[in-house]
Amino acid sequence: MSDFDDYDLDQDDDPWADPAQDEEGNELAIEIENNFYEADDKKNSDYTGALEQFEKVISLYESAPDDDDRTYEFKALENIVVLSCRLGLKDKMMGTHHQLLKQIDKASRNEAEDAINNILDAAAENKVSSELFHITLESLEKSNNEKLWFKTSIRLARVYLDKGELDLVYPLIENLKKSCQTPEGQDDLNKAASLLEIYALEIHLCTLNKETKKSKMIYSKTTSLNAAIADPKTLSIIKESGGKMYMSERNWDQALTEFNESFKYYQEIGHSKAKAVLKYVVLASILSGSAINPFDSQEAKVYKDDEEILAMVSLRDAYEENDINKINYLLHDKKKKILEDPFICEYLDDLLKNIRLNILELKIKPYKTINLRFLAREIRINESELRALVVELILDEKIQGKIDDVNGYLEITS
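Draft legend 1. Expanded view of the packing of helix 18 (residues 372–379) against helix 19 (residues 383–395). Between helix 18 and helix 19, the least distance of the axes is 9 Å, while the angle of their chain directions is 100°. In terms of orientation, helix 18 and helix 19 fall into the roughly perpendicular class. When helix 18 is examined against helix 19, the residues Leu372, Arg373, Leu375, Ala376 and Ile379 are found in contact with a partner set consisting of Glu383, Leu386, Arg387 and Val390. When the residues that make up the contact of helix 18 with helix 19 are grouped by side-chain class, the tally is six nonpolar, no polar and three charged.

Shown next, in the form of structure tokens:
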């Protein structure tokens, strides 16, 4: 028998390994794991205590062999960045984030994406996002992680749009466009979902800059793409922007359609903007004269007890009843918050003009001749404004008549 027959050469254990060294390694692994989970348990209640324990995890890894299992290292770094951000420790946050980015290629794509998203969410909440975004984008570009680079670029553009820093959005959009082009410089239709996200940003930017013509041109491109593969989050933005575009053109019917679709998409993804867009649905339905009640839909019924939405319901009811006094009360009651939305304020004159036209038409009907000054007092506007409304009714063939400028009367001819 050979001297080696006493040993099973296929067994996992090294017969010459030092048992003491193995035991020491196991103890270190257990200590790392225990510290990580203890920190993870308290990270939402004790920021400082959790931060110290996550830092201990990193410190323990420094004495571990390079080829050791480093499962918790990347996650610990992620948590240190997030907690430092919440505690306002900017230098620690930035330093650790640099450290994490150097290791991002060692993490799985899902782990990397989750880490970046969690960090950027924390940064946005604590208003330190721009700098973190930029160093993240630079690192992702170098690591050729195109998917995560694209998503991060989109998020940064949205941050700038929300902050009103519109000049910073343009270069981001240009870089995003280049990533979705063919070698010939044309839109790569194989990247339809990504293109839709870029178009959503562009339309939003055009809406804020009141570039209606350009917005309409970009919006037309979205219809040629396969919307079935698009994220509802993207379509909600596109449809909202489309609604605002049509509102600026006074195309109330089309605006109503777009806002309705946008509301349903926002509601589908549970976005807080659904409520604001539902208000726009009501506004467009009033201005378009639609007989369809926006609150008949299943999605809208969720908001039936919301105070701000109830105010919009009352506004629509008052409009249908031609009750201009109630409309004025609702609009100027601060508790109703209707005029806190700048977009609704933008169409206040259109809303009031429509109701005045309706009331004026009703006031005129019983008469063959009526004094213009009397009509102006009834509707609570000056005589020159009244004349403009009367002319509009005549041109729209709502009434048949002519104005006697000499005597200040409206004569109905049929």
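Draft legend 2. A look at the sheet that holds strand 3 (residues 409–412). Pairing is antiparallel across the open sheet formed by three strands, whose spatial order is 1-3-2. Only two strands of the sheet have a single partner each, and these edge strands are strand 1 (369–371) and strand 2 (401–404). Neighbour to neighbour, the strand axes of the sheet diverge by 20° on average, direction disregarded. Examined bridge by bridge, strand 2 and strand 3 share four bridges and lie antiparallel to one another.

Draft legend 3. Looking closely at a nonpolar patch on the surface. On the surface, a nonpolar cluster with roughly 210 Å² of combined accessible area is contributed by Tyr47, Leu87 and Leu89. With respect to the helices and strands, the residue leucine 87 is situated in the loop between helix 3 (71–86) and helix 4 (90–102). Of the residues examined, leucine 87 reaches a relative accessible area of 32% and is grouped as partly exposed.

Draft legend 4. A look at the packing of aromatic side chains. Counted according to the given criterion, the structure contains eleven aromatic pairs. Summarising the aromatic geometry, the rings of tyrosine 37 and tyrosine 72 are spaced 5.6 Å apart at their centres and angled 75° between planes, so their arrangement reads as edge-to-face. One end of the pair, tyrosine 37, is in helix 1 (residues 19–42); the other, tyrosine 72, is in helix 3, with 35 residues separating them in the sequence. Here tyrosine 72 falls in the buried class, since its relative accessible area comes to 15%.

Definitions and limits used
Residues numbered from 1 in each chain as written. Predicted model: local features only at pLDDT ≥ 70, side-chain atom pairs only at ≥ 80, totals over all residues. Heavy atoms only, no water. Axes fitted to C-alpha atoms, helices over the stretch in contact; angles between N-to-C directions. Helix = DSSP H or I, 4+ residues; strand = E, 2+ residues; numbered from the N terminus. Parallel < 35°, antiparallel > 145°, perpendicular 65-115°, else oblique. Contact = heavy atoms within 4.5 Å. Nonpolar A, V, L, I, M, F, W, Y, C, P; charged D, E, K, R; others polar. Pairing = 2+ DSSP bridges. Patch = residues over 30% accessible without salt bridge, like charges linked within 9 Å, V, L, I, M, F, W, Y side chains within 5 Å. Areas by Shrake-Rupley, 256 points an atom, 1.4 Å probe, with all protein chains shown as cover. Salt bridge = Lys/Arg side-chain N within 4 Å of Asp/Glu carboxyl O. Buried < 20%, exposed > 50% of the residue type's maximum accessible area, 1.4 Å probe, protein only. Phe/Tyr/Trp six-rings, centres within 6.5 Å; stacked < 30°, edge-to-face > 60°.

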